[in-house]
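Observations on the model geometry
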Amino acid sequence: LDKKKQVVITGSNASLLSKDLGTRLTGRHLRFELFPFSFKEFLELNQEKPGIKAFEKYFIQGGFPEYLKNQKIEILQELLNDIIARDIVARYALRNAKTIKEMAVYLLTNTGKEFSFNALKKTFGLGSINTVIAFISYLEDSYLLFTIPKFDYSLKKQLINQKKVYSIDNGLSNANSVSFSQDIGRMLENIVFLNLRKKYKQVFYFKEKKECDFLVKEKDKITIAIQACYELTEENKEREISGLIEALEEFKLNEGLIITYNQADEIKTNNKKIFIKPAWKWLLEK
């Protein structure tokens, strides 16, 4: 840099710059996050036209380029093993490698679900909640998974409340867990989360009387409320819409969004406008 050269440093771990190089490069670097392929990149790689058929593949296969090219499930299984072995176990000199692998698979399988540190401590027989908190942070730093908090105006409550977990990639979760692929609703929710996380740093879930899957905060204001629902039916329609309406009213928003697998519609209710969009179309929007 001092010689006016441009330098690009890549790595698989979030702490690459923050811990190892941060002191040398403070104020002198720009950080970019690279995710597995988006739906648009998936289409370009496979030279396919946008549509529900292409989305069906992306929905299950995810976006890791090497796997998309070779279609060998072992690639995604080894990827998980390598990240845990190199980015976590070796890096932090952990003795219980088996436990953190089991926790990773458990969380990747339970995408979209709430979890508590205490429940994880009991499930995996760990002696301390601090160990659980450390393990979760290692998994997040290695970009295997993300956690989002329940929105609360109190930062203290936000830290205490249960969080929700999401996977870096549907294909990775499918390859390492049998049960993940059986819950298509949560697979869709995961894709919606990833698209939001690529664009926004502050994503929350909302839960008061009802529930709304995602809130986006920009600066100090909630600007977007989104519900993810595989298919709106007579049984779930009222629940999904009322959860979104509650969030819209709480944050004084006029419009909300329900992302579905392949339904489109527009609803006006409670002086609010709700757009229902197929995920594959929403993913291609700028």
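None of these values were measured; they are calculated from a predicted model.

Time to look at the layout of surface pockets. When its volume is computed, the largest pocket comes out at roughly 1400 Å³. Lining the largest pocket are 41 residues; nearest its centre among them are Thr10, Gly11, Phe32, Glu33 and Leu34. Contributing elements (two or more residues each) for the lining of the largest pocket: helix H1 (15-25), helix H4 (65-70), helix H5 (73-90) and helix H11 (184-199). A class-by-class count of the residues in the lining of the largest pocket yields 24 nonpolar, nine polar and eight charged. Residue assignment for the lining of the second largest pocket shows that the elements contributing at least two residues are H11, strand E5 (211-218), strand E6 (221-228) and helix H12 (237-250). No other element matches the three residues that H11 contributes to the lining of the second largest pocket. Classifying every residue of the lining of the second largest pocket gives three nonpolar, three polar and nine charged.

In the structure shown here, the tally under the stated rule is 24 aromatic pairs. Considering the side-chain rings of Phe55 and Phe59, the 5.7 Å spacing of their centres and the 50 degrees angle between planes classify their relative orientation as tilted. One end of the pair, Phe55, and the other, Phe59, are both in helix H3 (residues 52-61), four residues apart, so they sit about a helical turn from each other. By relative accessible area, which is 3% here, Phe59 ends up buried. Clustering of aromatic rings is evident, with ring pairs tying together Phe39, Phe42, Phe55, Tyr58, Phe59, Tyr230 and Tyr261. The lysine or arginine in question, Lys164, covers the ring of Tyr205, its NZ or CZ lying 4.9 Å from the ring centre.

By the definition in use, this model includes 11 salt bridges. Where Glu114 meets Lys207, a salt bridge forms, and the shortest distance between an N and an O atom there is 2.8 Å. Within this pair, whereas Glu114 is found in strand E1 (residues 114-115), its partner Lys207 is found in strand E4 (residues 202-207), the two being separated by 93 residues in sequence. Take Glu114: its relative accessible area is 28%, and that puts it in the partly exposed class.

One way to put it is that helix H2 (residues 39-46) packs onto H3 with a least axis distance of 10 Å and a crossing angle of 110 degrees. On the basis of the axis angle, H2 is roughly perpendicular to H3. The interaxial crossing formed by H2 with H3 has right-handed handedness. Together, Phe39, Phe42 and Leu43 of H2 and Ala54, Phe55, Lys57, Tyr58 and Gln61 of H3 make up the contact between the two elements. When its residues are assigned to classes, the contact of H2 with H3 shows six nonpolar, one polar and one charged.

Calculation criteria
- Residues numbered from 1 in each chain as written.
- Predicted model: local features only at pLDDT ≥ 70, side-chain atom pairs only at ≥ 80, totals over all residues.
- Heavy atoms only, no water.
- 1 Å grid on protein atoms, 1.4 Å probe; cavity = no way out; pocket = protein on both sides within 12 Å on 5 of 7 lines; lining within 4 Å.
- Points joined across faces, edges and corners; volume = space filled by probe spheres on them.
- Helix = DSSP H or I, 4+ residues; strand = E, 2+ residues; numbered from the N terminus.
- Nonpolar A, V, L, I, M, F, W, Y, C, P; charged D, E, K, R; others polar.
- Phe/Tyr/Trp six-rings, centres within 6.5 Å; stacked < 30°, edge-to-face > 60°.
- Buried < 20%, exposed > 50% of the residue type's maximum accessible area, 1.4 Å probe, protein only.
- Lys NZ or Arg CZ within 6 Å of the ring centre and 35° of its normal.
- Salt bridge = Lys/Arg side-chain N within 4 Å of Asp/Glu carboxyl O.
- Axes fitted to C-alpha atoms, helices over the stretch in contact; angles between N-to-C directions.
- Parallel < 35°, antiparallel > 145°, perpendicular 65-115°, else oblique.
- Left-handed = near helix turned anticlockwise from the far one by under 90°.
- Contact = heavy atoms within 4.5 Å.

Note that every value here comes from positions in space, so none of it alone points to a role or purpose.
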